[in-house]
Structures are given as structure tokens and as C-alpha cells.
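# An overview of the molecular structure
Residue-level listing of the chains:
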Amino acid sequence: MESSYLSVINRQAVAVDVCAANKEEAFQCICDMLTKADVLNSAEEFKKDLYLREKEGRTGIGNGVAIPHGKSLAVKDTCISVLKLRDPIEWETLDGKPVRVLICFAVSDKDRTDKFLRMMAQVARKLAHQETIDNLMAATTPDELLAALA
């Protein structure tokens, strides 16, 4: 049985009602949570790797959701962080609309191949359902965010 993306969501890095005015503030919030959860060796290094990936193409998949990800030597253990922002922010998205939910993959160097791609595919399949999107947008607690992805 392949490992589910749900098993690598770091509960210490799940938050709702996050105040971030732009991508920079959203990435800083993610890095702060992952640092507090002892997942990163270097928040600055991981943030650089997130921006490197952003340059390669859009991580905003539409419907108010983005899936930024960084494969980084700064990541100790691969995990996923989930944020729901208080207000939507501008992002490069497939539908041209701002984002409100970020599902961020922090990928360690050892997991940078198949495991990571399988988890991304699982999340993409889940996000293809409008009910999942609706539940993410309606979530008011971290538990509701996690339930929407389950």
C-alpha cells in the first residue's frame, strides 16, 4: 500500500484564519510553522527553494487553491503544511483568481522522486472534487481543514 499524503500532514503546520497579504508573507508563515515543528534546518533556505519552484511554473491550481512545494536540503522530514488565509491573495493561478488555501509540500532530499510525485498526484485527485474545494473554503478550524482533505 502506498503511503498516503494524509500520513505526512504535519498537524503543527495546519492553520486557519492566517493573515498574509501576499505570497511572501504566506511563505514566511509556512516557514515559521515548519521551523517551530522542527521540520526545517533553515527556514531561509527552504523559502528560497519554494521561490525557485515558483519560477518554474504556476502552483496555483485554481478554485482558490495553490500547492507550492519545495524540494530542499533544508527539510529534515517530508511533510505537508495546510493554511487557510483570512483573505484571498494574488497568486499565479490557472484560472487567474486569487488563492485562499495553500497546501505546501516540504520535501526532503531523500524523498524528492517517486514518493513526492505519488503524494502530489493523490492531492491533485482529491482537489479535483468540488466537494473537497467547498469543504476547504468552509473550514473554520484546523480539524475541519484536515477533514476536507481526508
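Scroll up to find the structure this text is about.
Values in this document were obtained by computation on a predicted structure and should not be read as measured data.

### Concerning the pattern of salt bridges
Under the criterion given, the structure shown has eight salt bridges. Ionic pairing is found between Asp17 and Arg86, a salt bridge with its closest N-O pair at 2.9 Å. Placement of Asp17 in strand β1 (residues 9-18) and of Arg86 in strand β5 (residues 79-89) is noted, with a sequence separation of 69 residues between them. As a salt-bridge pair, Lys23 and Glu92 come within 2.5 Å of each other at their nearest N and O atoms. Placement of Lys23 in helix α1 (residues 23-36) and of Glu92 in the loop between β5 and β6 (99-108) is noted, with a sequence separation of 69 residues between them. Through salt bridges with shared partners, one network takes in Lys23, Glu54 and Glu92.

### Some details on the environment of Lys23
Judged by relative accessible area, which is 13%, Lys23 ranks as buried. The spacing of Lys23 and Lys115 is 92 residues in sequence and 26 Å in space, taken between C-alpha atoms. One polar contact links Lys23 to Glu92, side chain to side chain, over a distance of 2.5 Å.

### Some thoughts on the pairing of β5
The buried count for β5 comes to eight of eleven residues, which makes it a mostly enclosed element. In terms of strand pairing, β1 meets β5 through four bridges, oriented parallel. Residue Val18 lies in a different strand from β5, and its bridge partner there is Leu85.

### With respect to the nonpolar core
Soluble globular proteins: nonpolar side chains tend toward being buried together. Counting 29 residues, the largest nonpolar core has Leu34, Leu40, Phe46, Leu83 and Leu102 as its most contacted members. Looking at this core, the elements that each hand over two or more residues are β1, α1, α2 (43-56), β5 and β6. It is α1 that provides the largest number of residues to this core, a total of seven residues. The contact partners of Leu34, leaving out residues within four places of it in the chain, are Ala13, Val39, Leu40, Phe46, Cys79, Ser81 and Ala106. Grouped together as the second largest cluster of nonpolar side chains are 25 residues, Val16, Phe116, Leu136 and Ala139 included.

About the criteria used
Residues numbered from 1 in each chain as written. Predicted model: local features only at pLDDT ≥ 70, side-chain atom pairs only at ≥ 80, totals over all residues. Heavy atoms only, no water. Salt bridge = Lys/Arg side-chain N within 4 Å of Asp/Glu carboxyl O. Helix = DSSP H or I, 4+ residues; strand = E, 2+ residues; numbered from the N terminus. Buried < 20%, exposed > 50% of the residue type's maximum accessible area, 1.4 Å probe, protein only. Polar contact = N/O pair within 3.5 Å; in protein donor to acceptor, adjacent residues only side chain to side chain. Pairing = 2+ DSSP bridges. Core = buried A, V, L, I, M, F, W, Y, C linked by side-chain atoms within 4.5 Å. Contact = heavy atoms within 4.5 Å.

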